[in-house]
Amino acid sequence: MNRREIREQIFKMLFQAEFYSEEEMEEQIQISMEELQERSQEKRDYIEQKLRKIYSLREEIDTKINEKATGWKTGRMAKADLALIRLAIYEIQYEDDIPAGVAINEAVELAKVYSSDGAPSFINGVLAKFV
């Protein structure tokens, strides 16, 4: 499992989190992690730790998004776009080993697969304001 595949798994889990309450999240994380049983323990641990960090910083990240996304608030954004933006902002702001350009590019590439036609441009524009 390479970094792109790991990022994709985390994105899917962040997206899924939008449909559950805070109380249900622990169970959802466990279900998601069970689906990754064929992966190495090291990869599963990394995915779970990163997911939990992003989820715990969700409000802080959303505040940053709302400050930068002119005319758009997180409540109006498509859930897939929001999950991708949260993931990329986390990587830009909190992970020193991931260059901002890589985080943005990966979010845009995932948007091409999982979101609407205009999403890659929208996500790129929002994330560009962070660097």
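Residues numbered from 1 in each chain as written. Predicted model: local features only at pLDDT ≥ 70, side-chain atom pairs only at ≥ 80, totals over all residues. Heavy atoms only, no water.

K.L.:
Is there a simple way to think about the pattern of salt bridges in this case?
P.N.:
Side chains that differ in sign of charge can pair as their charged atoms come close. Going through the model one piece at a time under the given rule, you end up with 13 salt bridges. For Glu-48, the salt bridge is made with Arg-52, and the minimal N-O distance between the two is 3.0 Å. You can see Glu-48 and its partner Arg-52 sitting in helix α3 (residues 41-56), four residues apart, about one turn around the helix. For Asp-62, the salt bridge is made with Arg-86, and the minimal N-O distance between the two is 2.7 Å. Of this pair, Asp-62 sits in helix α4 (residues 58-68) while Arg-86 sits in helix α5 (residues 79-94), and the two are 24 residues apart along the sequence. Its relative accessible area of 6% is what places Arg-86 among the buried residues. Because the salt bridges share partners, they merge into one network encompassing Arg-4, Arg-7, Lys-50, Glu-91, Glu-95 and Glu-106. (Salt bridge = Lys/Arg side-chain N within 4 Å of Asp/Glu carboxyl O. Helix = DSSP H or I, 4+ residues; strand = E, 2+ residues; numbered from the N terminus. Buried < 20%, exposed > 50% of the residue type's maximum accessible area, 1.4 Å probe, protein only.)

K.L.:
For this particular structure, what's the right way to read the packing of α5 against helix α7 (residues 119-128)?
P.N.:
For any two helices packed against each other, the geometry comes down to the angle between their axes and how far apart the axes lie. Where α5 contacts α7, the two axes come as close as 10 Å, and the packing angle between them is 35°. Along this stretch, α5 crosses α7, giving a crossing that reads as right-handed. Counting all contacts with α5, which are made through Asp-81, Leu-84, Ile-85, Ala-88 and Ile-89, the residues of α7 involved are Ala-119, Phe-122, Ile-123, Val-126 and Leu-127. Its residues placed into classes, the contact of α5 with α7 shows nine nonpolar, no polar and one charged. (Axes fitted to C-alpha atoms, helices over the stretch in contact; angles between N-to-C directions. Left-handed = near helix turned anticlockwise from the far one by under 90°. Contact = heavy atoms within 4.5 Å. Nonpolar A, V, L, I, M, F, W, Y, C, P; charged D, E, K, R; others polar.)

K.L.:
For this particular structure, what's the right way to read helix α2 (residues 25-34)?
P.N.:
The α-helix winds at 3.6 residues per turn, so residues separated by three or four positions along the chain end up facing the same way. Three or more residues of α2 are buried, namely Met-25, Gln-28, Ile-29, Ser-32 and Met-33. Taken end-on, α2 shows its buried residues confined to a sector of 135°, consistent with a single buried face. Facing away from the buried surface of α2 by more than 90 degrees, the exposed residues are Glu-27 and Glu-34. (Arc of directions from axis to C-beta.)

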